Amino acid sequence: MRDNISFKMSDGLVINGTLMGNIEGPNLVVMLHSGGYDRLEWGVKEVLETEHGREKVHFNSKGNYEYLSSYLQDDAAILLIDQRNHGRSGKNIDEDKMIAAIKEIANISNREIELLNRYLKERNNDMLEYLVTNLDISDSDKDKLWKLLKKPIIKDMSFIQMANDLEEVLYLIRREYNYSNIHLVGTCMGALVSGLYTIKRPEDIKSLTLFSPLYTFDPVFLNPQNDFNKRKREIIDSKKQYRMGNAVEGLSTIKEIEEIRRTFYEKLFQTNIPIFCIQGVEDKLVPVSYQSVIFETMKKYRNKHNLAPVYYAEIEPGVHCLYDVIFPSLMEAINFIEGNLEYPNLNKKPSL
């Protein structure tokens, strides 16, 4: 089974996703993608300029989460969601700035502006097109408005807000399905969101699987250690937003990371939940030297306090999010997740 599914958040924004697999069983695996991508976690190797325009070249013929889902779907329901401002989910728009920008283009009513912002949140492109087409403004102004709506002014990325979205999504889906065994899978940004939810609601989660998790706050955000992160921080410090596709960081993102960092490691270490992390050795965004210290320290803490195990593996070469080494990394992750699933028809679950 494979169905599209939608969730309306408390602020009106709509999160869209896909529910597949054994949806009537007790197991639910939720997969959260990296920044700039969508629910299938399909990495772009390079972008070519062709006579037909820009063409994306992918590492593999399917997304990482497509592969992962195909192996797990017999034993678990799989929920893939586009996080806010990504994929087919609603835009995380800055309403005040959008109102000002729209008013600069054309003299339209407050009600019409409210509807434009609402349909952006809901990712309702049909209603956006209908509304713009029928506005009593010039064709030139309609063109300008369309350009703005295609690339709206959005808020700085908030990982805490996305973790709150996950909390709402799980609440809504469990009103319909009786999932008692929930597993989170996260890549980069999605791994940070998964971690934030886990330390907030540890009783909900049975396992946490991480690909290139964005847990290296210091070298990535606060004290950049490579040219990429330094350039990004320079842009943000100049009071501009750094945009990589639909991933948008700004000053409020940095302030949030400073606050998250205060307690994140201590709380994650103390959770009694099995964790499996796979890190690429040649990751240019998340430095392997910092990541290894975090997880080796966590392993020692867990062992000392007799808590659930932490497994940490490095894959070579391994680019960020492991798009270049999909099979060895995914098979290890699949074994880990399957070992923590609930099997109501068996006397004993499979061993790792």
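Note: the structure precedes this text.
Quantities reported herein were computed from a predicted structural model and do not represent experimental measurements.

Draft legend 1. Inspection of the overall build of the protein chain at higher detail. On a plain count of helices and strands, the protein chain comes out with 13 helices and twelve strands. Over its C-alpha trace the protein chain gives a radius of gyration of 21 Å, about what one expects of a compact globule, namely 20 Å for 352 residues. Oriented by its inertia axes, the alpha-carbon framework of the protein chain measures out at about 70 × 45 × 45 Å. Considering the protein chain as a whole, with its 352 residues, one finds that 54% of them fall into the buried category. In the protein chain, once contacts between residues fewer than 6 apart in sequence are set aside, the share between residues at least 24 apart is 71%. Here the protein chain displays about 17100 Å² of accessible surface, and carbon together with sulfur accounts for 46% of that area.

Draft legend 2. Main features of the side chain of Thr-209. By the secondary structure assignment, Thr-209 is in strand E8 (residues 205-211). Apart from the residues lying within four places of it in its own chain, the contact partners of Thr-209 are Leu-184, Val-185, Gly-186, Phe-276, Ala-333, Phe-336 and Ile-337.

Draft legend 3. Region of the structure containing the sheet that holds strand E1 (residues 2-8). With mixed pairing, eight strands are arranged side by side in an open sheet as E1-E2-E6-E3-E7-E8-E11-E12. Looking at strand neighbours, the two that pair on one side only are E1 and strand E12 (310-315), the edges of this open sheet. When strand polarity is set aside, the average angle formed by the axes of neighbouring strands in this sheet is 20 degrees. Summarising the sheet, strand E11 (residues 275-280) and E12 pair through six bridges and their orientation is parallel. Note on E12: the bridge partner recorded for Ile-275 is Val-310. The strands touched by helix H6 (residues 159-173) are E1, strand E2 (14-21), strand E3 (27-32), strand E6 (77-81) and strand E7 (181-187); relative to E1, the strand with the most contacts, the crossing angle is about 120 degrees. Set on the sheet, helix H13 (residues 326-338) makes contact with E3, E7, E8, E11 and E12; between it and E8 the angle comes to about 175 degrees.

Draft legend 4. Inspection of the side chain of Asp-165 at higher detail. Mapped onto the elements, Asp-165 comes out in helix H6. Apart from the residues lying within four places of it in its own chain, the contact partners of Asp-165 are Met-9, Ile-15 and Arg-84.

Reading guide: rules and limits
Residues numbered from 1 in each chain as written. Predicted model: local features only at pLDDT ≥ 70, side-chain atom pairs only at ≥ 80, totals over all residues. Heavy atoms only, no water. Helix = DSSP H or I, 4+ residues; strand = E, 2+ residues; numbered from the N terminus. Rg over C-alpha atoms; globule rule 2.2 N^0.38 Å. Buried < 20%, exposed > 50% of the residue type's maximum accessible area, 1.4 Å probe, protein only. Contact = heavy atoms within 4.5 Å. Areas by Shrake-Rupley, 256 points an atom, 1.4 Å probe, with all protein chains shown as cover. Pairing = 2+ DSSP bridges. Axes fitted to C-alpha atoms, helices over the stretch in contact; angles between N-to-C directions.

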